[in-house]
Amino acid sequence: GGVRTPQASSPRFGSSKRGNMVSCGAAKVAVLGAAGGIGQPLSMLVKMLPSVTELSLYDIQGTPGVAADLSHCNTACKVKGYVGDEELAACLEGCDLVIIPAGVPRKPGMTRDDLFNINAGIVKGLAEKCAEICPNAILNIISNPVNSTVPICNEVYKAAGVTGASRRILGVTTLDIVRSNTFLAEECGVDVDEVDVPVIGGHAGITILPLLSQMRPKVSLDPNRIEELTVRIQNAGTEVVEAKAGAGSATLSMAYAAARFAESCLRGLQGDKVYECAYLESNLVDGVGYFASKVQLGPNGCEEIFEVGEVTEFEQAGIDALVPELQKSIAKGEEFAKK
Ligand code: NAD
Ligand code: LMR
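Small disclaimer: the values here were computed from a predicted structure and weren't measured.

Q: Could you give me a rundown of helix α8 (residues 236-244), with the residues and numbers involved?
A: Here α8 has its buried residues at Ala236, Gly237 and Val241. Along the long axis of α8, the arc covered by the buried residues comes to 145°, so they all point the same way. Where α8 is buried, its residues meet α6 (174-188) and α7 (223-234). Ala245 sits one or two residues past α8 and shows a positive phi near 50°.

Q: Describe the pairing of strand β12 (residues 301-306), with residues and values.
A: The side chains of a regular strand alternate between both faces of the sheet. Of all six residues in β12, six are buried, a share of seventy percent or more. Of the pairings in the sheet, the one linking strand β11 (residues 290-298) to β12 comprises five bridges and is antiparallel in character. Note that in β12 the partner of Val295 across the bridge is Ile305.

Q: Could you give me a rundown of the site of ligand 1, with the residues and numbers involved?
A: Around ligand 1 there are 28 residues in total, and Gly37, Ile38, Asp59, Val104 and Asn144 lie nearest to it. Taking Gln61, its side chain carries an N or O atom lying 3.2 Å from an oxygen atom of ligand 1. Against a free-state accessible area of 860 Å², the protein chains account for coverage of 87% of ligand 1. When contributions to the shell around ligand 1 are tallied by element, the ones reaching two or more residues are β3 (52-59) and α4 (116-133). Class assignment of the residues belonging to the shell around ligand 1 gives a composition of 16 nonpolar, 11 polar and one charged.

Q: Tell me about the packing of α6 against α7, residues and numbers included.
A: At a closest axis distance of 10 Å, the pairing of α6 and α7 adopts a crossing angle of 145°. Pair α6 / α7 crosses with right-handed handedness. Taken together, the residues of α7 that come into contact with α6 (itself represented by Asp176, Ser180, Phe183, Leu184, Glu186 and Glu187) are Arg225, Leu229, Arg232 and Ile233. A class-by-class count of the residues in the contact of α6 with α7 yields four nonpolar, one polar and five charged.

Q: Please provide a residue-by-residue account of the nonpolar core, values included.
A: Buried together is how nonpolar side chains tend to be arranged in soluble globular proteins. Counting residues in each nonpolar core, the largest one holds 92 residues, and the members touching the most others are Leu32, Leu42, Val98 and Tyr157. Ile177, Leu184, Ile208 and Tyr275 belong to the second largest nonpolar core, which has 18 residues in total.

Q: Provide a residue-level description of the site of ligand 2, including the pertinent values.
A: Residues in close proximity to ligand 2 include Arg106, Arg112, Asn144, Leu175, Arg179, His203, Gly237, Ser249 and Ala250, which together make up its full environment. Interatomic distance of 2.6 Å between a side-chain N/O atom of Arg106 and an oxygen atom of ligand 2. In the environment of ligand 2, an oxygen atom lies 2.8 Å from a nitrogen or oxygen atom belonging to the side chain of Asn144. Considering ligand 2 on its own, with 260 Å² of exposed area, one finds that the protein chains cover 96% of that surface. Across the shell around ligand 2, the residue classes tally to two nonpolar, four polar and three charged.

Basis of the calculations
- Note on numbering: residues in each chain are counted from 1, in written sequence order.
- Chains carry letters from A onward and ligands carry numbers from 1 onward, assigned in written order.
- Where totals are concerned, whole chains, interfaces and linings use all residues; where local detail is concerned, this predicted model gives features only for residues with pLDDT of at least 70, and gives and counts side-chain atom pairs only at 80 or more.
- As a convention, hydrogens and water are excluded, and side-chain values are obtained from all of the structure's heavy atoms.
- Between buried and exposed lies partly exposed: a residue is buried under 20% and exposed over 50% of the maximum accessible area for its type, with that area taken using a 1.4 Å probe on protein chains only.
- Helix and strand definitions here come from DSSP, where helices need a minimum of 4 consecutive H or I residues and strands a minimum of 2 consecutive E residues; each element is numbered from the N-terminal end.
- Throughout, the arc means the angular range of directions from the helix axis out to the C-beta atoms.
- Contacts were defined at the residue level, with two residues in contact if any of their heavy atoms lie within 4.5 Å.
- Strand pairing requires that DSSP identify at least two bridges connecting the strands.
- Here a residue counts as near a molecule or strand whenever at least one of its heavy atoms sits within 4 Å of it.
- Contacts described as polar in this section are N or O atom pairs within 3.5 Å, which, within protein, must combine one atom able to donate a hydrogen with one able to accept it, while residues neighboring in sequence count only if both atoms come from side chains.
- Surface exposure here means Shrake-Rupley accessible area, sampled with a 1.4 Å probe, where a residue is shielded only by the protein chains that are shown.
- Think of it as three bins: nonpolar holds Ala, Val, Leu, Ile, Met, Phe, Trp, Tyr, Cys and Pro, charged holds Asp, Glu, Lys and Arg, and polar takes everything else, Gly as well.
- Only the stretch in contact is used when a helix axis is fitted, and all axes are lines through C-alpha atoms; the angle between N-to-C directions ranges over 0 to 180 degrees.
- Handedness of a crossing is defined here by the sense of rotation of the near helix relative to the far one, left-handed for an anticlockwise turn of less than a right angle and right-handed for a clockwise turn.
- In this text, buried Ala, Val, Leu, Ile, Met, Phe, Trp, Tyr and Cys residues form a nonpolar core when linked through side-chain atoms within 4.5 Å.

In structure tokens, the structure reads:
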């Protein structure tokens, strides 16, 4: 599918409701980095999804214990732990969806890009194996810096000769939408279930751009508050990093967001039309080959990418400022992958 303009009654991109919890599929899902701060609660939430019949947990350490623990939960899904390079292929065999939260998190004072030196290599190695063993699976990339790790995965797939994978390689930006919905519901005193804020651009600092003018329900906000709320959303990851004071970054809210996005991907695979925001390769915005956009998920991953739509002057200035930032992060990822 191509780029589509949202209709008058446009879908909700930032508040996908959970499915009806009735299994209508039999998916195999892998979590790579499953013993980590995100990996553990995320694996538990995935174990609770009725459409998942097999859950493979991979890490360089700790997965036998996590898998034994989770396997006692009485949901139908079978859990298995895999540890170390030599077990990765078996973990990935037959996967429909691979979720990747492997890598180091930030400490206070660091940017997400400061994680590049360690995480780029981790993600590259995992993506190489995915391209070989389950090239048709959907990838959900959580490892930071997402603005660079998604381009790395795409380059790895291209080098491996897997064509048309870019619609299946999805950077997870759902936490930005989850935060925006939470903060705006508080701000406006409305039911959080009714709030829908699309967030576009990327997943670091000013590249995170909430489109508050497109928020639903329609509310009138003071321009100063719009600016303050935008900055809070852009810095929300740092807010958690500082509160954790050296013990890492968001894990529980991230697991919650990643589970929602995974469920949306699985519903898409089963033929539902599901709307989310995600960071992926596209030509939507001039000058950048990747952009977090409003998307429709379906059997092939992203089926439609929606145009940014009408924005305010403030939001347009935000887009203009983030493009050069994204360009740098994308180029860095692409160059690394080609080395
Ligand atoms: P963590 O250190 O608690 O866990 C990471 C796990 O990855 C560890 O268990 C580690 O053993 C494992 N790992 C390391 N190398 C590996 C490899 N080669 N293969 C498999 N597993 C490997 O970190 P965390 O808090 O879970 O965060 C993980 C990543 O997610 C970080 O890069 C963090 O910045 C990112 N993150 C992204 C978002 C987002 O919105 N996209 C949100 C929060 C965190
Ligand atoms: C987040 O947004 O919480 C994550 O990207 C982790 C971080 O480093 O802020």
